[in-house]
Amino acid sequence: MTRKPTIIVFLTAMALMIFNICGCPVTDAQTLQWQEVVSAAKKEGKVVVSIPPGAELRKSLKDVFEKRYGIELELVTGRGAAVAKKIGDEFRAGLRLTDVHTGGSAPIIFGLTGMLEPVETQFYSS
């Protein structure tokens, strides 16, 4: 089970927020491509993102993302080792339920090698 459209939406949304802050221009082609990605993600239904524990981060990220993009953001919180174990267990069961994993120390990240795609594979350009 692959959830690529929502991965792209989440990562692109984060990039667009940064572009808006720095005042970087966005082309018409990028806007059209973005609209296609959001449409595909809305059909899929949600983005599952693992984040470090913290009620403030969870609430603000979820509220802002859902309000802005109209796509449910399911946040999985926990310490790095617990989240890595969950992702690993899912992977071994043939499931890909987590779209984006954020945080974690090097041993945890290296333990997930081959289970998650590097973020760069999800970037697109005009």
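See the structure shown above.
No experiment lies behind these values; they were computed from the predicted model shown.

K.L.:
Residues and numbers for the overall build of the protein chain, please.
P.N.:
On a plain count of helices and strands, the protein chain comes out with 5 helices and 3 strands. Ordering the α and β elements of the protein chain from the N terminus gives α-α-β-α-β-α-β-α. Within the protein chain, buried positions represent 32% of all 126 residues. Look at the contacts in the protein chain between residues 6 or more apart in sequence, and 76% of them connect residues 24 or more apart. Surface exposure of the protein chain reaches about 7700 Å², of which carbon and sulfur atoms provide 61%.

K.L.:
How would you sum up the pairing of strand β2 (residues 72-77)? Please name residues and give values.
P.N.:
Sheet analysis places strand β1 (residues 46-51) next to β2, joined by 6 bridges and oriented parallel. Residue pairing in the sheet places Ser50 in a bridge with Val76 of β2. Considered for its hand, the β-α-β crossover made up of β1, helix α3 (residues 55-69) and β2 is right-handed.

K.L.:
Describe the pattern of salt bridges, listing the residues and the values that go with them.
P.N.:
Any two side chains of opposite charge can pair, given that their charged atoms come close. Evaluation of the coordinates by the stated rule reveals 6 salt bridges. The partner of Lys59 in a salt bridge is Asp63, with the nearest N and O atoms 2.7 Å apart. Of this pair, Lys59 and Asp63 both sit in helix α3, separated by 4 residues, roughly a single helical turn. Judged by relative accessible area, which is 37%, Asp63 ranks as partly exposed. Arg92 is paired through a salt bridge with Asp89; the nearest N and O atoms lie 3.1 Å apart. Highlighted residues: Arg92 and Asp89, both in helix α4 (residues 80-92), separated by 3 residues, approximately one helical turn. The exposure class of Arg92 is exposed, given its relative accessible area of 58%.

What counts as what
Residues numbered from 1 in each chain as written. Predicted model: local features only at pLDDT ≥ 70, side-chain atom pairs only at ≥ 80, totals over all residues. Heavy atoms only, no water. Helix = DSSP H or I, 4+ residues; strand = E, 2+ residues; numbered from the N terminus. Buried < 20%, exposed > 50% of the residue type's maximum accessible area, 1.4 Å probe, protein only. Contact = heavy atoms within 4.5 Å. Areas by Shrake-Rupley, 256 points an atom, 1.4 Å probe, with all protein chains shown as cover. Pairing = 2+ DSSP bridges. Right-handed = clockwise from strand over helix to strand, strands pointing away. Salt bridge = Lys/Arg side-chain N within 4 Å of Asp/Glu carboxyl O.

Remember that the coordinates give geometry; whether it matters functionally is a separate question.
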